[in-house]
Amino acid sequence: MTTAVDLNALKQRQMATWASGDYAVIGTTLQIVGERLAEACDLLCDERVLDVAAGNGNVTLAAARRGCRVISTDYVPRLLELGAERARAEHLAVEFREADAEALPFQAGSFDAVVSTFGVMFTPDQAKAASELARVCRSGGRIGLANWTPEGFIGQVFKVLSGYIPPAAGVRPPSAWGREEHLRELFDGSIGELRATRQVFNFRYRSAAHFIEVFRDWYGPLHKAFANLPEADGKLLERDLTQLLDASNRAGPSSLVVPSEYLEVVLTRR
């Protein structure tokens, strides 16, 4: 069984990974996911909304644009700074606070809606994170999530990556959050309703090489992988990613459009 010490060590490595590169370069391209989730949660003006593992704040901004009172949290301070810059540019009133998704510093039932896009799914202790989301959401409130599926493109990217950097033993993969049955297990006893919809986000780049260049420079998991692998293994990883991208590309030889499936989830707190 994985010990608490193992999970804490894994969390520290993850924090270093997501603090590397600059996730905001990638994150801003995903803004449409936050807008979709805000609509799926039917967010109302003046509702209290908590964005967990917010990154640079896509669903934070979507909720604030709808007149919600939003607190945006992440355990990477730099990402919160970038989210705050975006909020100031739009004159949106948002509170930004450093916080761990597995130990949220808020009282039970504090929020009408708790949301996360491609964030909380990466927590090492998935059961604890789910428990915290449910704890801070009021009875009758909503928990809104956007999670990459195992079968989708990003799920497959992490599968390729695991061949070069094996995942921690005894820890469920982040993409498990992209399975409805796993979410029902995680939130068992705390939700009254779960609505799950398979959605697609399209990554749009000039070519496979362009995608790899951007993600190698800015996306923490790939940035760290390429930085730490021996040169020969890095070339093999680039080859495998190129093959995956070319096989997934629906734009033909002149450009790159890669659909990536994710699960959009709205849970109603019991």
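- Taking an unreviewed UniProt entry as the reference, the protein chain is identified by name as Class I SAM-dependent methyltransferase belonging to Pseudomonas denitrificans.

**Structural notes on the pattern of salt bridges**
Then comes step 1: With the rule as written, the count across this model stands at 18 salt bridges.
Then comes step 2: Residue Arg78 is joined to Glu81 by a salt bridge in which the shortest nitrogen-to-oxygen separation is 3.1 Å. Linking Arg78 with Glu81, this pair stays in helix α5 (residues 77–89), spanning three residues, or about one helical turn.
Then comes step 3: A single network of salt bridges, built from pairs that share partners, joins Glu35, Glu39, Arg65, Arg66 and Glu90.

**Concerning the side chain of Thr149**
Then comes step 1: Relative to the elements of secondary structure, Thr149 occurs in the loop between β5 (137–148) and α7 (153–162).
Then comes step 2: Engagement of the side chain of Thr149 in a polar contact is seen with the side chain of Glu261, the distance being 2.8 Å.

**Some points on the nonpolar core**
Then comes step 1: Judged by nonpolar contacts, the single largest core of 67 residues is most densely connected at Leu145, Trp177, Phe187 and Phe203.
Then comes step 2: If one sorts the elements of this core by residue count, strand β7 (residues 256–269) sits on top with six residues.
Then comes step 3: With residues near it in sequence (within four places) discarded, Phe203 still touches Leu30, Trp148, Phe153, Ile154, Phe211, Phe215, Leu256, Val257, Val258 and Ser260.
Then comes step 4: Listed in part, the 19 residues of the second largest apolar core include Cys41, Ala64, Leu92 and Val94.

**Looking at the packing of α7 against helix α11 (residues 231–248)**
Then comes step 1: The geometry of α7 relative to α11 is characterised by a closest axis approach of 10 Å and an angle of 160 degrees between their N-to-C directions. As far as their axial angle goes, α11 and α7 are roughly antiparallel. The handedness of the crossing between α7 and α11 comes out as right-handed. For the pair α7 and α11, contact is made by Phe153, Gln156, Val157, Val160 and Leu161 and by Leu237, Asp240, Leu241, Leu244, Leu245 and Ser248, respectively.
Then comes step 2: Of the residues that constitute the contact of α7 with α11, the class distribution is eight nonpolar, two polar and one charged.

Rules used in this analysis
Residues numbered from 1 in each chain as written. Predicted model: local features only at pLDDT ≥ 70, side-chain atom pairs only at ≥ 80, totals over all residues. Heavy atoms only, no water. Salt bridge = Lys/Arg side-chain N within 4 Å of Asp/Glu carboxyl O. Helix = DSSP H or I, 4+ residues; strand = E, 2+ residues; numbered from the N terminus. Polar contact = N/O pair within 3.5 Å; in protein donor to acceptor, adjacent residues only side chain to side chain. Core = buried A, V, L, I, M, F, W, Y, C linked by side-chain atoms within 4.5 Å. Buried < 20%, exposed > 50% of the residue type's maximum accessible area, 1.4 Å probe, protein only. Contact = heavy atoms within 4.5 Å. Axes fitted to C-alpha atoms, helices over the stretch in contact; angles between N-to-C directions. Parallel < 35°, antiparallel > 145°, perpendicular 65-115°, else oblique. Left-handed = near helix turned anticlockwise from the far one by under 90°. Nonpolar A, V, L, I, M, F, W, Y, C, P; charged D, E, K, R; others polar.

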